[in-house]
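# Structure at a glance
As a plain string of letters, each chain reads:
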Amino acid sequence: MGKENGANEVMYKMAEALLIKMQKKGLISEEECSKIRKLNMETFSPELASIYV
C-alpha cells in the first residue's frame, strides 16, 4: 500500500467515524448514512473496502 492509498484509508476511516457520530446524534437518518457511506467509498476508494462493507 502506497502513501496515497494509505492516506485514502485514513481519510475514509475518519469520514466513517464522523458519519457514525452524526447518525448516533440523530443528525442524519439511516438512509442518509447509507448514501453518504457509498459516496465516501467512491471518493476515497479505500483498498480495504471489502472489509468495511
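See above for the structure.
Residues numbered from 1 in each chain as written. Predicted model: local features only at pLDDT ≥ 70, side-chain atom pairs only at ≥ 80, totals over all residues. Heavy atoms only, no water.

### As for helix α2 (residues 30-44)
Residues spaced three or four apart along an α-helix point in a common direction, a consequence of the helix completing one turn every 3.6 residues. Put simply, the rule reads: Only DSSP runs of H or I with at least four residues qualify as helices, and only runs of E with at least two residues qualify as strands; both kinds are numbered from the N terminus onward. By definition here, a helix of n residues has an expected span of 1.5 Å times n minus one. Remark: exposure states derive from per-residue accessible area (1.4 Å probe, protein chains only) relative to the maximum for the residue type, with buried under 20%, exposed over 50%, and partly exposed in between. Throughout, the arc means the angular range of directions from the helix axis out to the C-beta atoms.
For α2, with 15 residues, the first-to-last C-alpha span of 21 Å sits near the 21 Å given by 1.5 Å per residue. If you check which residues of α2 are buried, you get C33, N40, M41 and F44. End-on, the buried residues of α2 take up no more than an arc of 100°, which puts them together on one face. Seen from the buried face of α2, the exposed residues on the opposite side, beyond 90 degrees, are E31, K35, K38, E42 and T43. Just downstream of α2 lies S45, where phi reads positive at about 40°.

### Considering the environment of I20
Counting through the fold element by element, I20 comes out in helix α1 (residues 3-24). We classify I20 as partly exposed; its relative accessible area is 34%. In the structure, I20 is positioned 17 residues away from R37 in sequence and 9.7 Å away in space, judged by C-alpha atoms.

### Regarding the pattern of salt bridges
Going by this rule: By salt bridge we mean one thing: a side-chain nitrogen of Lys or Arg within 4 Å of a carboxyl oxygen of Asp or Glu.
Throughout the structure, instances matching the rule amount to two salt bridges. Between E16 and R37 there is a salt bridge, with the nearest N and O atoms lying 2.6 Å from each other. Here E16 is found in helix α1, whereas its partner R37 is found in helix α2, with 21 residues between them in sequence. On the basis of relative accessible area, R37 is assigned to the partly exposed category, the value being 24%. Note that E31 and K35 form a salt bridge whose closest N and O atoms lie 3.3 Å from each other. Of this pair, E31 and K35 both sit in helix α2, four residues apart, roughly one helical turn. Summarising the burial analysis for this pair, E31 and K35 share the class exposed.

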